[in-house]
Structures are given as structure tokens and as C-alpha cells.
Amino acid sequence: MKRGKKLKKKEKILPFSHLTDTELESLYPHFSYESHPGGTILLVQEISRTDSFLVLSRGSARYYYDDTHTRILAGNLGEGEDFGGISILMNDAISTRTLEVTEDSTFMTLPAQAFIDACRRLPALNDYFALQFGRLMQNPSYAGIILRHQRDKELNLPFFNQPISAMFRPNLVTCSID
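Note that this is a predicted model, so its numbers are computed, not measured.

(A) Structural detail: the pairing of strand β4 (residues 52-67). Bridging between β4 and strand β7 (residues 98-111) involves eleven bridges; their strand directions are antiparallel. Bridge pairing in β7 places S52 opposite P111. In the sheet, β4 pairs with strand β5 (residues 70-77) via six bridges, with the strands oriented antiparallel. Following the sheet pairing, Y65 is matched in β5 by I72. Where β4 folds back on β5, the antiparallel hairpin that results is connected by two residues, among which T68 adopts a positive phi of roughly 50°.

(B) Broad picture of the confidence of the model for the protein. On average, residues of the protein score 83 in pLDDT, and 78% of them reach the 70 mark or higher. Segment residues 1-5: pLDDT under 50, and 16 contacts once partners within four positions in sequence are set aside and those in other chains are kept.

(C) The arrangement of a nonpolar patch on the surface in detail. On the surface, a cluster of nonpolar side chains totalling about 240 Å² of accessible area is made up of I41, V44 and I47. With respect to the helices and strands, the residue V44 is situated in the loop between β3 (41-43) and β4. Given a relative accessible area of 33%, V44 falls into the partly exposed group.

(D) The arrangement of the layout of surface pockets in detail. In this structure, the largest pocket occupies an estimated 440 Å³ of space. In terms of lining residues, the largest pocket is bounded by 22 residues, among which D82, F83, R97, Q132 and L136 are the most central. At the level of elements, α1 (14-17), β5, β6 (82-83), α3 (85-90) and α5 (123-137) are the ones that each hand at least two residues to the lining of the largest pocket. For the lining of the largest pocket, the element with the most residues is α5, which contributes five residues. Partitioning the lining of the largest pocket into residue classes produces ten nonpolar, seven polar and five charged.

(E) Expanded view of unusual backbone geometry. Non-glycine residue E46 carries a positive phi angle of around 60°. As for its placement among the helices and strands, E46 is situated in the loop between β3 and β4. The phi dihedral of A93 falls on the positive side, at around 65°, and the residue is not glycine. Here A93 lies in the loop between α3 and β7.

Procedures and definitions
- Residues numbered from 1 in each chain as written.
- Predicted model: local features only at pLDDT ≥ 70, side-chain atom pairs only at ≥ 80, totals over all residues.
- Heavy atoms only, no water.
- Pairing = 2+ DSSP bridges.
- Helix = DSSP H or I, 4+ residues; strand = E, 2+ residues; numbered from the N terminus.
- pLDDT = per-residue confidence, 0-100.
- Contact = heavy atoms within 4.5 Å.
- Patch = residues over 30% accessible without salt bridge, like charges linked within 9 Å, V, L, I, M, F, W, Y side chains within 5 Å.
- Areas by Shrake-Rupley, 256 points an atom, 1.4 Å probe, with all protein chains shown as cover.
- Salt bridge = Lys/Arg side-chain N within 4 Å of Asp/Glu carboxyl O.
- Buried < 20%, exposed > 50% of the residue type's maximum accessible area, 1.4 Å probe, protein only.
- 1 Å grid on protein atoms, 1.4 Å probe; cavity = no way out; pocket = protein on both sides within 12 Å on 5 of 7 lines; lining within 4 Å.
- Points joined across faces, edges and corners; volume = space filled by probe spheres on them.
- Nonpolar A, V, L, I, M, F, W, Y, C, P; charged D, E, K, R; others polar.

Printed below as a string of C-alpha cells:
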């Protein structure tokens with residue numbers, strides 16, 4: 001991972017296009033770059049934790065929601081487009097859709113906590129994602145995903161989204177047959 005020194009062509013990266021240069025510079029130390037080969041599934045809908053806000057810097061990816069082997073809410077992620085912000089802010093950082101890298105790609109990444117802090121500190125960034133979330137919630141399929149997650153949270157189902165390593169302790173106690 002390389003640390004980001006500057007966001008090139010910030011006007012192409014919508015969430016950041018509304019920020020002043022000073023606000024943008026405050027984010028520089030938090031950015032990194034990650035490269036992934038084509039065919040990699042970075043996030044799986046309703047299972048993966050979105051640990052970073054992603055901006056596609058080079059390459060391509062696609063996102064979708066698999067509903068009984070039918071891909072809905074699908075689209076392509078092009079250079080300069082972002083993924084994961086709404087999941088981090090509105091869905092307890094659980095990915096709402098699957099993200100698949102379709103060709104060798106590089107992403108600028110901003111850790112989830114740095115992203116949350118930036119949204120709290122920078123009203124223009126927060127407003128951008130609030131507007132995007134409102135637009136997405138107009139789609140009944142997307143709203144259903146978010147509402148189902150909220151209902152599951154009330155029923156304490158996040159237990160099932162934990163990795164086995166969080167529940168399994170490899171230190172087994174044994175004793176002799178005697």
C-alpha cells in the first residue's frame with residue numbers, strides 16, 4: 001500500500017469536488033492505494049465489512065446485489081467513482097452490494113473511521129452522502145436491503161455475520177484416558 005499524497009483531478013471524484021483545498025488536504029495523510037487483480041471479489045453483499053471507503057483510481061469493477069441468482073441494483077464502477085461510503089455511514093459498514101474487480105485495478109482507500117470522522121467534520125461531504133442515500137432509498141429493492149439489515153440488527157442477527165475466528169477458540173483442552 002502506498003500513502004496518498006494528493007488526489008489527482010478531484011473534480012472527477014464527486015464526493016471530494018465540493019470540498020475546499022484546505023479540507024481536501026486534511027484527508028491526504030489518510031489515503032492509501034490498494035491494487036487487486038481482475039476477478040477478485042472485494043466485498044460480498046450483506047456479509048463483508050466495509051473497512052475502507054474506496055475510489056477506483058485505475059481499472060474497472062462492477063457491483064450488484066444477487067437476489068436468488070438474479071443480479072439487481074447492478075452497475076459498473078469507473079475510474080474516479082466511489083464505493084462503500086453509504087454502507088459505512090448508513091448500514092453499520094456491512095456492504096449492501098457485492099463488489100467485483102473486473103480487470104486489474106487500483107483503488108484509493110480511506111479507512112472507515114477516517115471517512116466517518118471526515119463526514120462529521122466536513123458538512124459538504126456529509127451532505128453529498130445524505131443526498132446519495134436519499135436517492136438510493138427511492139428504489140424499493142435498495143430500501144428493502146437497508147430495512148432488512150435494520151430489522152436483523154433489532155433481532156441481534158449480526159452474530160451470523162461474524163467470522164468463525166471471532167467465535168472459535170483453537171486452544172482445546174485434552175486429557176488422558178486414565
